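# Architecture at a glance
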Amino acid sequence: MDPLPAFPEGFLFGTATAAYQIEGAVREDGRGPSIWDTFCAEPGRVRDGHTGDRACDHYHRWPEDLELMSALGANGYRFSVAWTRVQPDGTGRADPRGLDFYEALVDGLLDRGIAPALTLYHWDLPQALQDAGGWMHRDTAHRFAEYAGLVADRLGDRIALWITLNEPFVHLTYGHSLGVHAPGETLLLDSLPAAHHQLLGHGLAVAALRERTTSPIALTNNHAPVWAASGSPEDAAAVRAYDALHNRLFTDPLLLGRYPDLTAFGVDAVPGVRDGDLDAIAAPLDALGVNYYNPVRVAAPGRGGGEGPSGLSEAGPELDGLGLPFVDVPIEGTPVTAFGWPVVPDGLRELLVGMRDRYGAALPPLVITENGCSADDAVGPDGTVDDPDRIAFLDGHLRAVHRAIEEGVDVRGYFVWSLLDNFEWSEGYHQRFGLVHVDFTTQRRTPKASFHWLRDQLRLRS
Ligand code: IFM
């Protein structure tokens, strides 16, 4: 395999994780329950009844995990803070023990020359706030801003990139519309206030952060290029509808200060919007985080499908019966990951160029805050983990990012999902995304061949 092309000076290369997926220690040092603790405890919600109770035990093993990042040669690390370690029930004063943990982690990163990219919210809402209405309730946006301020009071300028929310699109659809993620709500399109309140929470948090830090601030969402199943006008309309939901619902308000046209969904106006909300939401950003896994192919309703790789694919064939203005259509002829997601590296270039063309000067610099694949990785008899598919995946996607940069898109960093095999939400521990294999019985970490490949690529750059 040829070495990767040169990326711009200062480009961030690292890995990404999230608190509930790796930390474990869910009842230690005053941590309160989050909606994921509750969801996992409900029979039938998560495959094989897996929970994040222990996960990768990162809460205790973080020094070892920092050593792994150093050995990789990464200059960035994206992680998330568990809100309920800072505010166990989502309100009031901070528990210093939670902040102590993240402060030690951040200082450990800085000591190793690794820039900390901190996500404030990766889906683990305090259960107490869910009991009061969760993201369907406007007050949660204010609680989020208060929490953001508490974290910034402690960590402020030591954070290289603040990320308010992770993938609000997935949290909305999987968590609030379809119920396959916590909090398990099945509100379908009635979940839209949870979109608005997440965005409002973002806007209010940006204001709270700006008062406390000069570090750059971003929001991360999941994005996908959307392809039509045919050249028909009906399928083109399906593409527009799906694109509005997946790519525009959260990004248009951020960058353009308005919601996209949702009339294809029978929605004339997003409910719950008050005067001034969109101004708060559209406060200037320093970067936009893009998580990319695969493109999506859709057709007009009634054309079959329902099992393709859209962000809604976990709903399966039932999608066809929901009255949505699109159906999901499989993408054929590509390799697939262990999850069954199509591997289309150039989709990342297409996405990035498309975002630049769509938003023009309104688009801040982009950071690829997640990209990666799951594979059925196992430790072999010789103690190594051979994951050639992941090496090919990363090589292809990094080259796609490079092509986008050559085409003039301002991309500043790339974070592999993920550092470690971890708790993959409703799939439990069945999908392994790590550069490092984790034996969930012994907690032994074994860097995979992809880890060594990426380390060699990063060494070539220094
Ligand atoms: O594991 C998730 C992560 O939490 C959010 N983005 C997608 C990843 C893989 O499904």
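Residue positions are counted from 1 within each chain, in the order its sequence is given. Only residues with pLDDT of 70 or above have their local features reported here, since the model is predicted, and side-chain atom pairs are shown and tallied only from 80 upward, although totals for entire chains, interfaces and linings are computed over all residues. Heavy atoms throughout the structure, all of them, feed into the side-chain values; hydrogens and water do not.

### With respect to the overall build of the protein chain
We apply this condition: What counts as a helix is a DSSP run of H or I of at least four residues, what counts as a strand is a run of E of at least two, and both are numbered from the N terminus. The cut-offs for exposure are 20% and 50% of the maximum accessible area for each residue type, with area from a 1.4 Å probe on protein chains only; residues under the lower value are buried, those over the upper are exposed, and the others partly exposed. All accessible areas in this document rest on Shrake-Rupley with a 1.4 Å probe, and a residue is counted as covered only by the protein chains that are shown. Neither His nor the chain termini are counted; the positive set is Lys and Arg, and the negative set is Asp and Glu. To locate a charge, take NZ of a lysine, CZ of an arginine, CG of an aspartate or CD of a glutamate.
When you go through the protein chain residue by residue, the secondary structure sums to 15 helices and 13 strands. Projected onto its principal axes, the C-alpha coordinates of the protein chain cover approximately 55 × 55 × 45 Å. Put simply, the protein chain has 462 residues, and 61% of those count as buried. Accessible surface computed for the protein chain: about 16,400 Å², of which carbon and sulfur atoms make up 50%. For the protein chain, the centre of its 37 positive side-chain charges and the centre of its 64 negative side-chain charges are spaced 3 Å apart.

### A word on the side chain of T119
Just so we agree on the cut-off: Within 3.5 Å is the distance limit for a polar contact, defined as a pair of N or O atoms, with the added protein rule that one can donate a hydrogen and the other accept it, and that residues adjacent in sequence qualify only through two side-chain atoms. Only heavy atoms enter the contact rule, under which two residues are in contact if any of them lie within 4.5 Å.
Mapped onto the fold, T119 is located in strand β3 (residues 115–121). A polar atom in the side chain of T119 sits 3.0 Å from the side chain of R78. Beyond its immediate stretch of four places on either side in the chain, T119 contacts R78, F79, S80, V81, I163, T164, L165 and N166.

### Re the sheet that holds strand β1 (residues 12–16)
Under the convention used in this document: The pairing criterion is simple: DSSP has to find at least two bridges between the two strands. Here the axes come from fitting lines to C-alpha atoms, over the contacting stretch only for helices, and the angles between their N-to-C directions go from 0 to 180 degrees.
Ordered in space as β1-β2-β3-β4-β5-β7-β10-β11, the eight strands form a closed barrel in which the pairing is parallel. The average undirected angle you get between the axes of adjacent strands in this sheet is 25°. Packing of helix α5 (residues 96–111) onto the sheet brings it into contact with β2 (76–80) and β3, and relative to β2 it is tilted by some 170°. Of the strands in this sheet, β3 and β4 (161–166) are in contact with helix α7 (residues 139–155), which crosses β3 at around 155°.

### Some details on the sheet that holds strand β9 (residues 327–328)
Here three strands make up an open sheet; going across it, the order is β6-β8-β9 and the pairing mixed. Taken across any chain shown, the strands that pair with only one partner, and hence form the sheet edges, are β6 (226–228) and β9. Together, β6 and β8 (296–299) form the strand contacts of helix α10 (residues 233–248), whose direction differs from that of β6 by roughly 170°.

### Section: the pairing of β4
Of all the six residues making up β4, six are buried; the element is thus mostly covered by neighbouring parts of the structure. Here four bridges tie β3 to β4, and the two strands are oriented parallel to one another. Residue T119 lies in a different strand from β4, and its bridge partner there is I163. The pairing of β4 with strand β5 (residues 217–223) spans three bridges and is parallel. Across the sheet, W162 pairs through a bridge with I217, a residue of β5.

Taken by themselves, the reported measurements are silent on function.
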